[in-house]
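Per-entry structural report
Listed here are the chains, written in short residue letters.
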Amino acid sequence: MQYGQQKNSLQQFVIKHHPSTKSSFIASLNIAKYGKPFMDGEFLKNTFLECADSLFDDFKNKHDILKRIKEIPLSRQTVQRRIEDMSKDVDLQVKEHLLNCDIISLAIDESTDINNIARLAIVAR
C-alpha cells in the first residue's frame, strides 16, 4: 500500500512540474547554443522574474506566472545535467539513424585550427 502512495505522489509531482522542467530544458538548450556558462541559468531566471514583474503587471494571474518562473530549475548543476542529457539523446539518435541506413557516404577532412592543432571532421550521409 505504501508503494502505491509513493508512486501516486511521484506521478503528481512530475505532472505538476512538467512545464518548469520543459522550460529548464529550453533555457539550457539556449545556454548551450550560445556557448554561455552553465551558471547563466540563474542569471536568466532572475532576469525573467524582474521582467515579468512589469510585463505582466496588468494580468490577473501575475502571481501564478511569477510562481511558475520561480519553479524553473536553472542551477548550474541542473543546466549542466540538462545539456548532457540532450547531448546523449542526439548521440543516440545519430547512431540509430546510421544503423538503419542502407547506404552511408562518408566525407573526411583534416585541417588545423588557429592553435595549429590537427582536427579531423567526418560527415556521414
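Just so it is clear, the model here is predicted, and its values are computed rather than measured.

**Structural notes on the overall build of the chain**
For the chain, the count of helices and strands is 4 helices and 2 strands. In sequence order, the secondary structure elements of the chain are arranged as α-α-α-α-β-β. Split into buried and exposed, the 125 residues of the chain put 16% on the buried side. If you take every contact in the chain between residues at least 6 apart in sequence, the share linking residues at least 24 apart comes to 45%. Of the roughly 10400 Å² of accessible surface on the chain, a fraction of 57% belongs to carbon and sulfur atoms.

**Topic: the pattern of salt bridges**
Any two side chains of opposite charge can pair, so long as their charged atoms come close to each other. By the definition in use, this model includes 4 salt bridges. With its nearest N and O atoms 3.2 Å apart, the salt bridge here joins Asp91 to Lys95. Of this pair, Asp91 and Lys95 are both found in helix H4 (residues 76–99), 4 residues apart, which corresponds to roughly one turn of the helix. A residue is classified by how much of its surface remains accessible, and Lys95, at 45% relative accessible area, is partly exposed. The shortest N-O distance in the salt bridge between Asp113 and Arg119 comes to 3.1 Å. Through salt bridges that share partners, Asp53, Asp57 and Lys62 make up one connected network.

**With respect to the packing of helix H2 (residues 40–55) against helix H3 (residues 62–71)**
It is at 10 Å that the axes of H2 and H3 come closest, and there the two elements cross at 175 degrees. Classified by the interaxial angle, the pair formed by H2 and H3 is roughly antiparallel. Contact residues: Lys45, Phe48, Leu49, Ala52 and Asp53 in H2; Lys62, Leu66, Ile69 and Lys70 in H3. For the contact of H2 with H3, a count of residues per class yields 5 nonpolar, no polar and 4 charged.

**Here's the deal with H2**
Its 16 residues place the ends of H2 22 Å apart at the C-alpha level, agreeing with the 22 Å of an ideal helix rising 1.5 Å per residue. For H2, every residue scored as buried is listed here: Gly41, Lys45, Leu49 and Ala52. All buried residues of H2 lie within an arc of 85 degrees about the axis, which places them on one face of the element. Those residues of H2 that are exposed and aimed more than 90 degrees away from the buried face are Phe43, Glu50 and Ser54.

**A look at a nonpolar patch on the surface**
A surface patch of nonpolar side chains, amounting to about 760 Å² of accessible area, comprises Val90, Val94, Leu98, Ile104, Leu106, Ile108, Leu120 and Ile122. Among the secondary structure elements, those contributing two or more residues to the nonpolar patch are H4, strand S1 (106–112) and strand S2 (118–124). Counting through the fold element by element, Val90 comes out in helix H4.

**Some thoughts on the packing of aromatic side chains**
Taken as a whole, this structure holds 1 aromatic pair when the rule is applied. With 5.1 Å between their ring centres and 75 degrees between their planes, Phe56 and Phe59 make a pair best called edge-to-face. Note that Arg82 overlies the ring of Phe25, its terminal NZ or CZ placed 4.6 Å from the centroid.

Rules of the game
Residues numbered from 1 in each chain as written. Predicted model: local features only at pLDDT ≥ 70, side-chain atom pairs only at ≥ 80, totals over all residues. Heavy atoms only, no water. Helix = DSSP H or I, 4+ residues; strand = E, 2+ residues; numbered from the N terminus. Buried < 20%, exposed > 50% of the residue type's maximum accessible area, 1.4 Å probe, protein only. Contact = heavy atoms within 4.5 Å. Areas by Shrake-Rupley, 256 points an atom, 1.4 Å probe, with all protein chains shown as cover. Salt bridge = Lys/Arg side-chain N within 4 Å of Asp/Glu carboxyl O. Axes fitted to C-alpha atoms, helices over the stretch in contact; angles between N-to-C directions. Parallel < 35°, antiparallel > 145°, perpendicular 65-115°, else oblique. Nonpolar A, V, L, I, M, F, W, Y, C, P; charged D, E, K, R; others polar. Expected span 1.5 Å × (residues − 1). Arc of directions from axis to C-beta. Patch = residues over 30% accessible without salt bridge, like charges linked within 9 Å, V, L, I, M, F, W, Y side chains within 5 Å. Phe/Tyr/Trp six-rings, centres within 6.5 Å; stacked < 30°, edge-to-face > 60°. Lys NZ or Arg CZ within 6 Å of the ring centre and 35° of its normal.

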